Amino acid sequence: MAYKRQARIVFFCGSHPAPANLAAHYANTLGSEWMTARAAVLPGVAGEVPVLDDALLAWADLLVTLDAAALAAKPALRSGLQHRHYPFEPLPEVRDKTGWTALAARIRQRVEGMIGGMRLLQKAAHAPDGL
């Protein structure tokens, strides 16, 4: 069966908005054929990223927690909403441009892996039986 629409992903971080923002950016720019993504954080996290709420959870197909704080605060998931945990910690090591560049590269690599998985699923959906 072919895909009907893009997967909806919420990248959720509890300690800093950067990982969630980066992951959503990479998903939306590199994987726009297969996914659309949004970033969310815990209440009290500084920055202009929305706080995870019921509306985002209702929209999403997949919730990806990006640190221990987000994993600990993960709400109960409705039927059909999947969860993955891809930890990007500790953020205190990210103190200079080199650290931020390394973090961005790690997040991009993880998102590219997700995109690769979506490509494989799409190929499998279009493959004739028996292959």
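Here, the structure is the one placed above.
The structure reproduced in this document is the subject of the present report. Everything numeric here is computed off the predicted structure, so don't read it as measured data.

It is the rolling of a water-molecule-sized probe over the atoms that shows where space remains empty. Summed over all chains, the structure comprises 1 cavity of 30 Å³ or more. Of the volumes computed, that of the largest cavity is approximately 30 Å³. Lining the largest cavity we find F11, A23, V64, L66, Y86, F88, I107, R110, V111 and M114. Per element, the largest residue contribution to the lining of the largest cavity is 4 residues, and it comes from helix α4 (residues 97-126). Residue composition of the lining of the largest cavity, by class: 9 nonpolar, no polar and 1 charged.

Before going further, it helps to examine the environment of V49. Tracing the backbone through its elements, the reader meets V49 in the loop between β2 (35-41) and α2 (54-59). Between the C-alpha atoms of V49 and N21, which are 28 residues apart in sequence, the distance is 7.6 Å. Once residues lying within four places of it in the same chain are set aside, the contact partners of V49 are P17, N21, A39, A40 and V41.

What follows is about the pattern of salt bridges. Applying the stated criterion across every chain, the model contains 2 salt bridges. Notably, a salt bridge pairs R108 with E112, separated by 2.9 Å at the nearest N-O pair. Residue R108 and its partner E112 are located together in helix α4, separated by 4 residues, close to a single helical turn. The class of R108 is partly exposed, set by a relative accessible area of 33%. Residue E112 is classed as partly exposed on the basis of its relative accessible area, which comes to 36%.

The rules behind these values
Residues numbered from 1 in each chain as written. Predicted model: local features only at pLDDT ≥ 70, side-chain atom pairs only at ≥ 80, totals over all residues. Heavy atoms only, no water. 1 Å grid on protein atoms, 1.4 Å probe; cavity = no way out; pocket = protein on both sides within 12 Å on 5 of 7 lines; lining within 4 Å. Points joined across faces, edges and corners; volume = space filled by probe spheres on them. Helix = DSSP H or I, 4+ residues; strand = E, 2+ residues; numbered from the N terminus. Nonpolar A, V, L, I, M, F, W, Y, C, P; charged D, E, K, R; others polar. Contact = heavy atoms within 4.5 Å. Salt bridge = Lys/Arg side-chain N within 4 Å of Asp/Glu carboxyl O. Buried < 20%, exposed > 50% of the residue type's maximum accessible area, 1.4 Å probe, protein only.

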